[in-house]
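What follows is the residue order along each chain.
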Amino acid sequence: MPHTITLNASEMRILFRQDPRTESDGGYQGLLVGLQGKIDQSSGELILSDQELEQIRRYAFVYGNGGWEERLKDIFSRHLGADLTGRS
């Protein structure tokens, strides 16, 4: 089931910090670049699939520290909660 969120300007800046040329690196980079391509840049609206929600949470909490964890939390915690599950 799709989950629609609207990023604010600060969250969008963090999302777009990821260089689009890194998409082929897969993993975290590919996720962020893919989300860049899906967002409505004029409104900040982003529709996340269940798979993307799972990836966001996994990259933020399951893998080791690489700096991306905080970036994901900074982008999505306002919408998905501190645990990034999207559940209230």
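Cut-offs used in this document
Residues numbered from 1 in each chain as written. Predicted model: local features only at pLDDT ≥ 70, side-chain atom pairs only at ≥ 80, totals over all residues. Heavy atoms only, no water. Helix = DSSP H or I, 4+ residues; strand = E, 2+ residues; numbered from the N terminus. Rg over C-alpha atoms; globule rule 2.2 N^0.38 Å. Contact = heavy atoms within 4.5 Å. Areas by Shrake-Rupley, 256 points an atom, 1.4 Å probe, with all protein chains shown as cover. Core = buried A, V, L, I, M, F, W, Y, C linked by side-chain atoms within 4.5 Å. Buried < 20%, exposed > 50% of the residue type's maximum accessible area, 1.4 Å probe, protein only. Axes fitted to C-alpha atoms, helices over the stretch in contact; angles between N-to-C directions. Parallel < 35°, antiparallel > 145°, perpendicular 65-115°, else oblique. Left-handed = near helix turned anticlockwise from the far one by under 90°. Nonpolar A, V, L, I, M, F, W, Y, C, P; charged D, E, K, R; others polar. Patch = residues over 30% accessible without salt bridge, like charges linked within 9 Å, V, L, I, M, F, W, Y side chains within 5 Å. Salt bridge = Lys/Arg side-chain N within 4 Å of Asp/Glu carboxyl O. Phe/Tyr/Trp six-rings, centres within 6.5 Å; stacked < 30°, edge-to-face > 60°. Lys NZ or Arg CZ within 6 Å of the ring centre and 35° of its normal.

Examining the overall build of the protein chain
For the protein chain, the helix and strand inventory stands at four helices and two strands. Counting from the amino terminus, the protein chain carries its helices and strands in the arrangement β-α-α-β-α-α. For 88 residues, the compact-globule formula gives about 12 Å, and the C-alpha radius of gyration of the protein chain, at 12 Å, lands near that figure. Over its C-alpha atoms, taken along the principal directions, the protein chain stretches across nearly 30 × 30 × 25 Å. Sequence separation of at least 24 residues holds for 57% of the intrachain contacts in the protein chain that already meet a minimum separation of 6. Accessible surface for the protein chain amounts to roughly 5100 Å². Of this, 46% is attributable to carbon and sulfur atoms.

A word on the nonpolar core
Across soluble globular proteins, you tend to see nonpolar side chains buried next to one another. In terms of nonpolar packing, the biggest core is built from 21 residues, with Leu7, Leu35, Leu46, Leu48, Ile56 and Phe76 touching the most fellow members. Excluding residues that lie within four positions of it along the chain, Leu7 makes contacts with Met12, Leu15, Ile39, Ser43, Gly44, Leu46, Ile75, Arg78 and His79.

Brief notes about the environment of Glu70
Checked against the element boundaries, Glu70 lands in helix H4 (residues 68–80). For the pair Glu70 and Ala60, spaced ten residues apart in the sequence, the C-alpha separation amounts to 7.2 Å.

Observations regarding the packing of helix H2 (residues 27–38) against helix H3 (residues 50–61)
It is at 11 Å that the axes of H2 and H3 come closest, and there the two elements cross at 135°. Put simply, H2 runs oblique to H3. When you trace H2 past H3, the crossing you get is left-handed. Between H2, through Gly27, Tyr28, Leu31, Leu35 and Lys38, and H3, the contact on the second element is made entirely by Glu52, Gln55, Ile56 and Tyr59. A class-by-class count of the residues in the contact of H2 with H3 yields five nonpolar, two polar and two charged.

As for a nonpolar patch on the surface
Together, Phe61, Val62 and Tyr63 make up an exposed nonpolar region whose accessible area comes to about 280 Å². Taking the relative accessible area as the measure of exposure, Phe61 reaches 35% and is therefore partly exposed.

Some details on the packing of aromatic side chains
Each aromatic ring pair is summarised here by two numbers: the centre-to-centre distance and the angle between the ring planes. In total, this model carries zero aromatic pairs according to the counting rule given. The aromatic ring of Tyr59 is capped on one face by Arg58, whose charged end is 5.5 Å from the ring centroid.

Some points on the packing of H3 against H4
Two elements in contact, H3 and H4, have axes whose closest approach is 9 Å; the angle formed by their N-to-C orientations is 135°. Relative to H4, the element H3 lies oblique. The hand of the H3/H4 crossing is left-handed. Here H3 contributes Leu53, Ile56, Tyr59, Ala60 and Phe61 to the contact with H4, which in turn contributes Trp68, Glu69, Leu72, Lys73, Phe76 and Leu80.

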